[in-house]
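# Descriptive analysis of the structure
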Amino acid sequence: MEPKSTATQIILQALSAIDERSKDRDNGSERSMDRAVTIFNAATGLGMSESDGWLFMICLKLARHKNSQGYNHDHFVDVAGYAGLLAESVERAVGDRDVGQ
């Protein structure tokens, strides 16, 4: 059985989702995670990083997929988008010295 969406289509949908959400939520970019983990850390006393926050969101979407009774395309679009945002966050954290290795 052929999938309804190709990997490329899912990635393009993730790109579109990031762009659309940024218009609605973040004044031009989907970059609310740093603010979210700052609030979370203040509330809990933990030291979660922005990258940890994106990884958490990937895990959350995968957990929702495993708990679902059926297929929810949105889970995978979000995982693809969060993976890109995680990579961006990690690259910013380590600086240019390790990027591309």
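Structure: above.
Let me begin by describing the structure that accompanies this report. (Residues numbered from 1 in each chain as written. Predicted model: local features only at pLDDT ≥ 70, side-chain atom pairs only at ≥ 80, totals over all residues. Heavy atoms only, no water.)

### So, the pattern of salt bridges
- One pass over the structure, following the stated rule, counts four salt bridges.
- For Lys-61, the salt bridge goes to Asp-74, with nearest N and O atoms at 3.1 Å. Of the two residues, Lys-61 sits in helix α3 (residues 50-67) while Asp-74 sits in helix α4 (residues 73-94), which places them 13 residues apart along the sequence.
- Among the residues examined, Lys-61 registers a relative accessible area of 6% and is labelled buried.
- A salt bridge links Lys-61 to Asp-78, with the shortest nitrogen-to-oxygen separation between them at 2.8 Å. Pair noted here: Lys-61 is in helix α3 and Asp-78 is in helix α4, with a separation of 17 residues, a long-range link.
- The class of Asp-78 is buried, set by a relative accessible area of 5%.
- Look at the salt bridges and you will find they share partners, linking Glu-50, Glu-88 and Arg-92 into a network. (Salt bridge = Lys/Arg side-chain N within 4 Å of Asp/Glu carboxyl O. Helix = DSSP H or I, 4+ residues; strand = E, 2+ residues; numbered from the N terminus. Buried < 20%, exposed > 50% of the residue type's maximum accessible area, 1.4 Å probe, protein only.)

### Here we look at the nonpolar core
- Ranked by size, the top nonpolar core spans eight residues in total: Met-33, Val-37, Trp-54, Ile-58, Val-79, Tyr-82, Leu-85 and Leu-86.
- Of all the secondary structure elements, the ones that give two or more residues to this core are α2 (33-44), α3 and α4.
- No other element matches α4, which puts four residues into this core.
- Excluding its chain neighbours within four sequence positions, the residues that come into contact with Ile-58 are Val-79, Tyr-82, Ala-83 and Leu-86. (Core = buried A, V, L, I, M, F, W, Y, C linked by side-chain atoms within 4.5 Å. Contact = heavy atoms within 4.5 Å.)

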